[in-house]
Amino acid sequence: MSNDAAGRQTRFTVLLAALVALGPLSVDGYLPGLPDLTVTACLAGLAIGQLIAGPLSDTYGRRRPLLAGLALYTIASALCAVAPDLWTFVGLRLVQGTGGAFGIVIANAMVRDRTSGTRTARLFSALTLITGLAPVFAPVLGGQLLRVTAWPGIFVSLAVLGAVMLAASAAGLPETRSASASRRPLPAVFGQLLGDRVFTGYVLANGLVFAAMFAYIAGSPFVLQEIHGLSPQQYSAVFAVNAAGLIAAARTSGRLVARAGARLLLLAGLLGATAGGTTVLGAVLTRAPLPVLLIGLFVLVSSVGLVMPNAAAQALADHGGHAGSAAALLGFSQFVFGAALAPLAGAGGATDALPMGIIVAVLPALALLALGVLTRPKPGERTRGPAPQGPAGHRRPRRTATPVVRGSASATGGSTGAGARARWGRRRGSAGRLGRP
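Computed from a predicted model, the values in this text were never measured in an experiment.

Asks: Which parts of the structure should I look at to understand the overall build of the protein?
Replies: Within the protein, the regular secondary structure consists of 15 helices and zero strands. The buried share among the 437 residues of the protein stands at 47%. Partitioning the intrachain contacts of the protein with sequence separation of at least 6 by distance along the chain shows that 79% fall at a separation of at least 24. Surface summary for the protein: the accessible area is close to 19900 Å², and the carbon and sulfur share equals 66%.

Below is the structure:
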């Protein structure tokens with residue numbers, strides 16, 4: 001790859017990473033000073049907006065919906081800073097989340113447009129790094145801003161960030177959807193995707209593990225601080241270490257995917273998440289020392305760094321023609337499962353860790369079951385070493401020797417090829433001398 005091509009690829013990746021980070025920044029950057037209701041509104045916008053953005057990007061191309069979504073995000077963020085009352089603020093947070101969702105889903109669709117096979121999984125691994133970093137640093141950045149400004153200043157900052165992303169995307173992101181790509185009615189596309197059991201299996205595996213991580217985020221403050229007595233600073237350190245594990249796993253995935261394959265790494269991630277969740281549940285049931293619980297949480301969260309990029313790559317591999325809609329369902333499932341299942345982790349209140357233990361143990365096990373039941377290894381994946389990658393991102397079958405059948409062209413016909421060479425050898429052997437046919 002030339003220096004110019006490498007530079008363009010780096011800029012493309014950085015822009016996509018920034019688009020993916022908008023959602024977590026919008027939710028977590030204001031956590032130091034907002035009511036929970038506005039978090040719910042923003043999360044709802046991030047979920048619903050993906051179902052809008054994906055099909056629009058399949059129909060009208062990636063650039064126009066992306067720029068429209070970023071403009072919507074920028075305007076809504078600015079208006080949040082001057083909202084006259086709580087309910088207007090909640091409504092604007094919903095709109096802000098919807099605009100931010102355009103960046104997430106279209107960035108994922110652009111990855112599938114521009115890459116295939118292991119390159120797709122490698123680029124998704126890079127984006128997963130941002131997904132892991134943004135929730136850790138967003139509250140820190142928000143807290144620092146609140147030291148020098150009131151809460152509206154956070155939304156002014158988000159509006160400025162949205163405007164910068166709008167300008168950068170307009171100048172630096174090309175249209176990646178082919179003009180000749182098929183455009184089908186939305187119900188038909190969603191129906192085809194949901195009717196594909198392989199796609200559904202990868203979506204379920206990804207969404208259930210993501211929900212387990214949501215359950216950890218929702219339940220761990222109570223379990224670690226109220227039950228085990230960690231200080232806020234100690235809890236922040238634990239949270240940062242687990243996030244570092246996720247990031248390290250995502251980096252490892254990007255390095256190994258060309259040799260191991262996305263499906264094998266996904267399976268490893270699901271097994272790791274199941275082992276980590278089971279360890280957490282066992283620690284809760286047996287009242288094991290705190291280090292046992294922390295090890296289980298670390299393994300659980302770190303495994304998400306293997307699951308998310310490879311599940312996304314596998315889910316979108318066969319759906320390049322409508323990658324926007326496929327990415328929309330993939331992202332929507334994450335937020336729906338997380339919003340529906342994560343609150344169950346707090347069902348026991350601040351004094352009972354058992355609900356969180358059950359949730360983080362059961363969900364990864366169900367994800368592993370979904371992968372095993374609904375998806376199948378592609379041809380060649382059971383053989384030793386990675387098979388060649390096909391254009392759709394799956395492995396091509398390995399070449400095997402074709403049996404020679406008497407009377408077939410390969411055995412008797414043609415003046416070239418294996419049949420002619422075999423006939424020439426027989427003539428040499430029978431004549432006992434060199435000669436011409």
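Back to the write-up after that little detour.
Asks: What is the right way to read the pattern of salt bridges from this model?
Replies: Opposite charge on two side chains permits pairing when their charged atoms draw close. What the rule picks out here adds up to three salt bridges. We note a salt bridge from Asp58 to Arg62, for which the minimum N-O separation is 2.8 Å. Comparing Asp58 with Arg62, the two get one shared label, buried. For Asp113, the salt bridge goes to Arg62, with nearest N and O atoms at 2.6 Å. Residue Asp113 is found in helix 4 (residues 86-114), and its partner Arg62 is found in the loop between helix 2 (36-60) and helix 3 (63-80); the two are separated by 51 residues along the sequence. Overlapping salt bridges, with partners in common, bring together Asp58, Arg62, Asp113 and Arg177 in one network.

Asks: What exactly am I supposed to notice about the packing of helix 8 (residues 197-227) against helix 12 (residues 323-341) here?
Replies: Any two packed helices are characterised by how steeply their axes cross, that is the angle between the axes, and by the distance between the axes. Across the interface, helix 8 lies against helix 12 with an axial gap of 8 Å and an inter-helix angle of 40°. Here helix 8 and helix 12 pass one another in a crossing that is right-handed. Across the interface between the two elements, Phe199, Val203, Leu204, Asn206, Gly207, Leu208, Phe210, Ala211 and Phe214 of helix 8 pack against Ala326, Leu329, Leu330, Ser333, Gln334, Phe337, Gly338, Ala339 and Leu341 of helix 12. Taken together, the residues that form the contact of helix 8 with helix 12 break down as 13 nonpolar, five polar and no charged.

Asks: It is not clear to me how helix 8 should be interpreted in this structure. Could you clarify?
Replies: In this model helix 8 runs 42 Å from its N-terminal to its C-terminal C-alpha over 31 residues, within 8% of the 45 Å that 1.5 Å per residue would give. Taken as a whole, helix 8 carries its principal kink of about 50° at Gly219; the proline Pro221 stands between one and four residues after it. In the stretch just after helix 8, Gly229 is the one whose phi turns positive, near 75°.

Asks: Sorry if this is basic, but what is going on with the packing of aromatic side chains here?
Replies: This model, assessed by the stated rule, comprises seven aromatic pairs. Centroid distance Tyr235 to Phe239: 6.1 Å. Interplanar angle 45°. Geometry classified as tilted. Linking Tyr235 with Phe239, this pair stays in helix 9 (residues 232-260), spanning four residues, or about one helical turn. Here the two residues Tyr235 and Phe239 agree in accessibility, since each one is buried. Three or more aromatic residues link up through ring pairs in this structure, and these residues are Phe89, Trp151 and Phe155. We note Arg114 situated over the ring of Phe12; from NZ or CZ to the ring centre the distance is 4.4 Å.

Asks: It is not clear to me how empty space enclosed by the protein should be interpreted in this structure. Could you clarify?
Replies: Where empty space is left can be seen by rolling a probe of water-molecule size over the atoms. Under the definition given, this model contains two cavities of 30 Å³ or more. In this structure, the second largest cavity occupies an estimated 30 Å³ of space. Lining the second largest cavity are Gly219, Phe222, Val223, Ile227, Ala345, Gly346, Gly349, Ala350, Thr351 and Asp352. Of the residues belonging to the lining of the second largest cavity, the class tally is five nonpolar, four polar and one charged.

Asks: How should I be thinking about the nonpolar core in this particular structure?
Replies: For soluble globular proteins, the rule of thumb is that nonpolar side chains tend to be buried together. Counting residues in each nonpolar core, the largest one holds 88 residues, and the members touching the most others are Leu16, Leu19, Leu173 and Leu270. The greatest single-element share of this core, amounting to 15 residues, is contributed by helix 8.

Asks: Looking at this structure, I do not really get the confidence of the model for the protein. What am I missing?
Replies: Detailed conclusions should not be drawn from predicted coordinates in areas where pLDDT is low. When the pLDDT values of the protein are averaged, the result is 81; 79% of them are 70 or greater. Long-range and interchain partners of residues 381-437, a stretch whose pLDDT sits below 50, account for 66 contacts in this model, where long-range means more than four residues apart.

Asks: Just checking my understanding: could you explain the environment of Leu290 for this structure?
Replies: Inspection of the secondary structure assignment puts Leu290 in helix 11 (residues 290-317). Leu290 sits in the partly exposed class, given a relative accessible area of 22%. Residues within four places of Leu290 in sequence aside, it is in contact with Leu224, His228 and Leu230.

Asks: So what exactly am I meant to see when it comes to the side chain of Thr13 here?
Replies: Residue placement: Thr13 occurs in helix 1 (residues 3-28). Judged by its relative accessible area of 18%, Thr13 is buried. Among all residues touching Thr13, those that are not within four sequence positions of it are Leu123, Ala126 and Leu127.

Asks: What is the right way to read a positive patch on the surface from this model?
Replies: Together, Arg8, Arg11, Arg114, Arg119 and Arg122 make up a positively charged patch on the protein surface. Of all the secondary-structure elements, those providing two or more residues to the positive patch are helix 1 and helix 5 (118-148). Relative to the assigned elements, Arg8 resides in helix 1.

Asks: Help me understand the state of the cysteines in this model?
Replies: As used here, a disulfide is simply a covalent bond connecting the sulfur atoms of two cysteines. Applying the stated criterion across every chain yields a total of zero disulfides. Free cysteine Cys42: the closest other cysteine sulfur is in Cys80, separated by 8.4 Å. You can call Cys42 buried: its relative accessible area is 0%. For Cys80, a relative accessible area of 0% puts it in the buried group.

Asks: I keep staring at the environment of Asp352 and nothing clicks. Help me out?
Replies: With respect to the helices and strands, the residue Asp352 is situated in the loop between helix 12 and helix 13 (354-374). Judged by relative accessible area, Asp352 falls into the partly exposed class, the value being 33%. Distance in space between the C-alpha atoms of Asp352 and Val284 is 9.1 Å, their sequence separation being 68 residues. For Asp352, the side chain forms a polar contact with the main-chain nitrogen of Leu354, separated by 3.0 Å.

Asks: Help me understand unusual backbone geometry in this model?
Replies: Outside of glycine, negative phi angles account for most residues, and trans bonds account for most peptide bonds. The phi angle at Arg287 is positive, at roughly 55°, despite the residue not being glycine. Within the element layout of this structure, Arg287 appears in the loop between helix 10 (262-286) and helix 11.

What counts, and where the lines are drawn
- Position numbers for residues start from 1 in each chain and track the written sequence from start to end.
- Where local features are concerned, this predicted model is filtered to residues with pLDDT of at least 70; where side-chain atom pairs are given and counted, the filter is 80 or more; whole-chain, interface and lining totals use all residues.
- As a rule here, side-chain values cover all heavy atoms of the structure and leave hydrogens and water aside.
- Starting at the N terminus, helices and strands are each numbered in turn, a helix being any DSSP run of H or I of at least four residues and a strand any DSSP run of E of at least two.
- Accessible area is worked out with a 1.4 Å probe on protein chains only. A residue is then buried under 20% of its type maximum, exposed over 50%, and partly exposed in between.
- Contacts are assigned to residue pairs with any non-hydrogen atoms lying within 4.5 Å of each other.
- Accessible surface is estimated by sampling points in the Shrake-Rupley manner with a 1.4 Å probe; for residues, cover comes only from the protein chains shown.
- We count a salt bridge whenever a side-chain nitrogen from Lys or Arg sits within 4 Å of a carboxyl oxygen from Asp or Glu.
- For every element, the axis is a line fit to its C-alpha atoms; helices are fit only across the contacting stretch, and the angle between N-to-C directions ranges from 0 to 180 degrees.
- Handedness of a crossing follows from how the near helix is turned relative to the far one, being left-handed for an anticlockwise turn of less than a right angle and right-handed for a clockwise one.
- Only Asp, Glu, Lys and Arg are considered charged in this grouping, and only Ala, Val, Leu, Ile, Met, Phe, Trp, Tyr, Cys and Pro are considered nonpolar; every other residue, Gly among them, is considered polar.
- Any helix carries an expected span of 1.5 Å times its number of residues minus one.
- Bend is computed residue by residue as the angle between axes fitted to the seven residues ending at the residue and the seven residues starting at it.
- Any two of the Phe, Tyr and Trp rings considered here, Trp counted by its six-membered ring, make a pair once their centres fall within 6.5 Å; the pair's planes then place it as stacked at under 30 degrees, edge-to-face at over 60, or tilted in between.
- As a reminder, the over-ring test applies to NZ of lysine and CZ of arginine, requiring each to be within 6 Å of the ring centre and within 35 degrees of the ring normal.
- We place a 1 Å grid over just the protein atoms. Points where a 1.4 Å probe fits but has no way out form a cavity, open points with protein on both sides within 12 Å along at least 5 of 7 lines form a pocket, and any residue with an atom within 4 Å of a point lines it.
- Grid points are joined across faces, edges and corners, and a volume is the space filled by probe spheres set on the points.
- To define a nonpolar core, start from buried Ala, Val, Leu, Ile, Met, Phe, Trp, Tyr and Cys residues and group those joined through side-chain atoms within 4.5 Å.
- Confidence scores here are pLDDT values: one per residue, from the predictor, ranging 0 to 100.
- In this analysis, a patch consists of residues with relative accessible area above 30% that form no salt bridge, clustered at 9 Å for like charges and at 5 Å for the nonpolar side chains Val, Leu, Ile, Met, Phe, Trp and Tyr.
- The positive count covers Lys and Arg only, the negative count covers Asp and Glu only, and His and the chain ends enter neither.
- Throughout, a charge is located at the NZ atom of Lys, the CZ atom of Arg, the CG atom of Asp or the CD atom of Glu.
- We call a pair of cysteine sulfur atoms a disulfide when they lie within 2.5 Å.
- Two N or O atoms form a polar contact when they lie within 3.5 Å of each other; inside protein one atom must be a possible hydrogen donor and the other a possible acceptor, and for residues adjacent in sequence the pair counts only when both atoms belong to side chains.

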